[in-house]
Amino acid sequence: MQSTVMKNLQTLTMLPILALASLFIRISGSTSLRPLLTGPDVAYLGSRVTFWCTATDSSPPVTYELMGDGGVLIGTDIDFQGHQSARFVLKVTATSEGSYHCTAAAGGSTGVSNSIKLTVVTPASNTRVTSEPFPPVAYEGSRFVLNCTTNGSHLSYTWFFNRKEVTSSTSPAFHLSGNTLVMGKVTLEHAGSYYCMAKSRVQDTERFSNSAPVQLTVKVNVSKPRISFSISKEGASYHGNVSCWSTRGSPPVNFSLTLDDREVGSVTAAESLAAWFPVDLVPGLDMGVAQCRVTTEVQELTSEPVTLVVGMNCIDIRSKCVFPWLPTLFVLFDDLFLFLYPTVCAVPVGGNVKMEVEYLYRADSKLAAARLSCQVSRGTFPYVSWLFNNSVLPSETHVDSNIQPALSQYAVADHRRTLFLANLGPEESGYYRCKARDSYDDSGPWVESPAMLVRVTDAPTTTIEAITIAFCCFLLLTLAACVGCVFTMFDHEQAHAHVATTNPSLDAPPLSSPLSQSEGQQDYTCSTDSSVQNQTVEITV
């Protein structure tokens, strides 16, 4: 009885030891399986990827399981033959990104593989360019930013300007930062077409998406406006016309005229940089201070002030300006005068009219254009008209004296006082003349210049080629003269040797000895031969 109890106690004592031994054997068996998981770590969205799980030195059957984040079972495969890898094919979705590992179980042993982190790349799509500001219009010196916006992930960006790639090394004026292209100070050279390319790369596969081009328009800052005044006459009435213009800028711009800080007119110039405002002239009325104001989206500039004071019955138009110490200006017409600032006087058109012609040549000595100038000896507001073979050109329509559009064959400038002949040919050869009258009086008398023949030639009379030929001819003549002198010197030396042989007792006097009058009358061009004293005198030039 006692022996039985002792055996039972020994058995109970051995059970924990046997359990621990069995657990140790299981643990030892499980660590012997070391599966290896292989597969990609990056893949495009929508593609298919393959993972392989392999457990070497394992007895079949081997059960493989592919696990995702959080121990989620992805798939199971069994190897019944041994030494074969388990293949798991996955379709990549947005939720496929994460870590993966596999387990292998065989003969009661289990092993866990290494982990692979899969990154899902979304290809670029719906790529477009946005601008700051929008629409893509910028003024000189302003800051302009382009953004490349797209749907996708893990992208790189490339910018193109007028179909050429923009890089920091080749384009220092641009600043590249991620999907942004920055121009710190816009210039006219930045105007053009821009587009971006968003691309991604997975192993050897590259996918990209291009945006539509965006056209950047660069506007020129408008210059300070100028103001001028002209007068027209209709019967016994006078009318004024105030011109406002800027020499630089990009239309459209808004011009407004103020009198004593009160706006009396406003015009938006859509295609030019000038505007005109009619002003009624009332004798005896102080019109106040006139100023032109030009306004754009980013600028507002004002011209210098002009004081307008209308009087009557003050001075004859034909006389000179008086009161030169006054800080205003007299514009005189019959019994009407107008004070302006700064000072100038107005007189009617008259006196002599003279026309001058200047031919303009290119660098290759080809005739490019002809410039005709009309000079009127007297007149403050002349209107100049040009005639070719007694035909008026260009149109007699009144145009602004400061801004004149260029015509196809002719162009006028300097208040129509200059005529350019742009297209030269035999048809443009002929007689030209100019005539002038007061611009404010359409019915006023004309004064004309004499007609002058303008002949179109192919090349100037003194070209570089002609000068070169003349220089070469001069050089040849000089060489020929030198050769003649050398031969003459040799002839005289032979003559001197002959004289020395026949008259050895005679010695030549020194060169410093004075010569007789007969000797002085001989030819000294290259040498002098004295027949009176049988002496030979050489003069080296």
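Residues numbered from 1 in each chain as written. Predicted model: local features only at pLDDT ≥ 70, side-chain atom pairs only at ≥ 80, totals over all residues. Heavy atoms only, no water.

### Re the overall build of the chain
In plain terms, the rule: Only DSSP runs of H or I with at least four residues qualify as helices, and only runs of E with at least two residues qualify as strands; both kinds are numbered from the N terminus onward. To sort residues, take the accessible area from a 1.4 Å probe on protein chains only and compare it with the maximum for the residue type: under 20% means buried, over 50% means exposed, and anything in between is partly exposed. Every residue pair with non-hydrogen atoms within 4.5 Å of one another is taken to be in contact. Every accessible area reported is derived by Shrake-Rupley at a probe size of 1.4 Å, with residue values counting cover from the shown protein chains alone.
In terms of helices and strands, the chain carries 3 helices and 41 strands. Here the chain holds 541 residues, and 35% of them are scored as buried. In the chain, the share of contacts with a sequence separation of at least 24, taken over all contacts with a separation of at least 6, comes to 58%. Here the chain displays about 31900 Å² of accessible surface, and carbon together with sulfur accounts for 57% of that area.

### Notes on the state of the cysteines
Put plainly, two cysteines are in a disulfide when a covalent bond ties their sulfur atoms together. As a reminder of what qualifies: Cysteine sulfur atoms are paired as a disulfide whenever they come within 2.5 Å of each other.
Under the definition given, this model contains 4 disulfides. Sulfur-sulfur distance for the disulfide between cysteine 244 and cysteine 292 comes to 1.7 Å. Because the sign of the S-S torsion sets the handedness, a value of about -60° for the bond joining cysteine 244 and cysteine 292 places this disulfide among the left-handed ones. Residue cysteine 244 is located in strand E21 (residues 237-245), and its partner cysteine 292 is located in strand E25 (residues 286-295); the two are separated by 48 residues in the primary sequence. Both residues of the pair, cysteine 244 and cysteine 292, count as buried. Paired through a disulfide, cysteine 374 and cysteine 434 show a sulfur-sulfur distance of 2.1 Å. A torsion of 80° about the S-S bond marks the disulfide between cysteine 374 and cysteine 434 as right-handed. Placement of the pair is cysteine 374 in strand E32 (residues 367-378) and cysteine 434 in strand E37 (residues 430-438), with a sequence separation of 60 residues. Taking the relative accessible area as the measure of exposure, cysteine 374 reaches 4% and is therefore buried. For the unlinked cysteine cysteine 473, the closest cysteine sulfur is that of cysteine 472, found at 7.0 Å.

### Quick notes on unusual backbone geometry
As a rule of thumb, non-glycine residues mostly have phi less than zero, and peptide bonds are mostly trans rather than cis. Backbone torsion omega between glutamate 132 and proline 133 reads 5°, so that peptide bond is classified as cis. Here the bond from proline 251 into proline 252 is cis, since omega is 5°, no more than 30 degrees from zero. Positioned with a positive phi, aspartate 260 is a non-glycine residue whose angle comes to about 55°. Notably, asparagine 390 is not glycine yet its phi reads approximately 70°, a positive angle. By secondary structure assignment, the location of asparagine 390 is in the loop between strand E33 (382-388) and strand E34 (391-393). Judged by its relative accessible area of 60%, asparagine 390 is exposed.

### Comments concerning a nonpolar patch on the surface
Inclusion rule: Here a patch means residues that are over 30% exposed by relative accessible area and free of salt bridges, tied together within 9 Å if like-charged and within 5 Å if nonpolar (Val, Leu, Ile, Met, Phe, Trp, Tyr). Salt bridges are identified by distance alone: a Lys or Arg side-chain nitrogen within 4 Å of an Asp or Glu carboxyl oxygen.
Taken together, the side chains of Phe471, Phe474, Leu475, Leu476 and Leu479 make up a nonpolar region of the molecular surface, amounting to roughly 560 Å² of accessible area. One can find leucine 476 in helix H2 (residues 464-502).

### What about the side chain of serine 246?
What counts is decided by this rule: Pairs of N or O atoms are called polar contacts if they sit within 3.5 Å, as long as, within protein, a hydrogen donor faces a hydrogen acceptor (for residues adjacent in sequence, only side-chain-to-side-chain pairs).
Relative to the helices and strands, serine 246 resides in the loop between E21 and strand E22 (253-259). Taking relative accessible area as the criterion, serine 246 reaches 2% and is therefore assigned buried. Side-chain polar atoms of serine 246 contact the backbone oxygen of serine 223, separated by 3.1 Å. For serine 246, the residues in contact, after removing those within four places along its chain, are Val222, Ser223, Lys224, Pro225, Phe255, Leu273 and Val294.

### Some words on the nonpolar core
In summary, soluble globular proteins display a tendency toward joint burial of nonpolar side chains. How we decide: Throughout this description, the term nonpolar core refers to a set of buried Ala, Val, Leu, Ile, Met, Phe, Trp, Tyr and Cys residues connected via side-chain atoms within 4.5 Å.
Counting residues in hydrophobic clusters, the biggest one holds 22 residues, and the most contacted among them are Val242, Phe255 and Leu257. Put simply, the parts of the chain that give this core at least two residues each are strand E20 (226-234), E21, E22, strand E24 (274-280) and E25. Leu33, Ala106, Leu118 and Val120 belong to the second-largest nonpolar core, a separate cluster that totals 21 residues.

### Here we look at the side chain of serine 223
Here serine 223 lies in the loop between strand E19 (214-219) and E20. Taking the relative accessible area as the measure of exposure, serine 223 reaches 17% and is therefore buried. A polar contact is formed between the side chain of serine 223 and the backbone nitrogen of threonine 247, at a distance of 3.1 Å. With residues near it in sequence (within four places) discarded, serine 223 still touches Ser246, Thr247, Arg248, Val294 and Leu301.

### What to know about the confidence of the model for the chain
Our working definition: Every residue is assigned a pLDDT by the predictor, reflecting its confidence on a scale from 0 to 100.
Residues of the chain with pLDDT of at least 70 account for 72%, and the chain-wide mean is 76. Here residues 23-31 is modelled with pLDDT under 50, and outside its nearest four sequence neighbours on either side it reaches 5 contacts, counting other chains as well. Here residues 504-541 is modelled with pLDDT under 50, and outside its nearest four sequence neighbours on either side it reaches 35 contacts, counting other chains as well.

### Let's talk about the pairing of strand E7 (residues 98-106)
Operational definition: By this definition, two strands are paired if DSSP reports at least two bridges between them.
Relative to E7, strand E4 (residues 62-67) runs antiparallel, the two sharing 5 bridges. Across the sheet, residue methionine 67 finds its bridge partner in E7, namely histidine 101. In the sheet, E7 pairs with strand E9 (residues 116-121) via 3 bridges, with the strands oriented antiparallel. When the bridges of E9 are listed, tyrosine 100 appears paired with isoleucine 116.

### Topic: the sheet that holds strand E16 (residues 180-183)
Counted only if it meets this: To obtain each axis, a line is fitted to C-alpha atoms, and for helices this fit is confined to the stretch in contact; angles are then taken between N-to-C directions over 0 to 180 degrees.
Read from one edge to the other, the open sheet built from 4 strands follows the order E10-E12-E16-E15, with strand pairing classed as antiparallel. Lying at the two open borders of the sheet, with one neighbouring strand each, are strand E10 (125-132) and strand E15 (174-177). With direction set aside, neighbouring strand axes in the sheet form an average angle of 15°. The sheet contact formed by strand E12 (residues 144-151) and E16 spans 4 bridges and is antiparallel.

### Topic: the environment of serine 303
Take serine 303: it is sitting in the loop between strand E26 (300-302) and strand E27 (306-312). Take serine 303: its relative accessible area is 4%, and that puts it in the buried class. Put simply, serine 303 and lysine 224 are 79 residues apart on the chain and 6.3 Å apart in space, counted from C-alpha to C-alpha. Leaving out residues up to four positions away in the same chain, serine 303 has contacts with Lys224, Pro225, Arg226, Ile227, Gln291 and Cys292.

### Observations concerning the sheet that holds E32
Across the sheet, 4 strands lie side by side as E31-E32-E36-E35; this open sheet has antiparallel pairing. Two strands lie at the open edges of the sheet, namely strand E31 (350-361) and strand E35 (410-413), each paired on one side alone. Each adjacent strand pair in this sheet contributes to an overall mean axis angle of 20°, direction not counted. Bridge analysis of E31 against E32 gives 10 bridges, and the strand direction is antiparallel.

### As for the pattern of salt bridges
For the structure on display, the rule yields 7 salt bridges. Arginine 248 is the salt-bridge partner of glutamate 140, the closest N and O atoms lying 2.9 Å from each other. Of the two residues, glutamate 140 sits in the loop between strand E11 (137-139) and E12 while arginine 248 sits in the loop between E21 and E22, which places them 108 residues apart along the sequence. When its relative accessible area of 21% is taken as the criterion, glutamate 140 is described as partly exposed.

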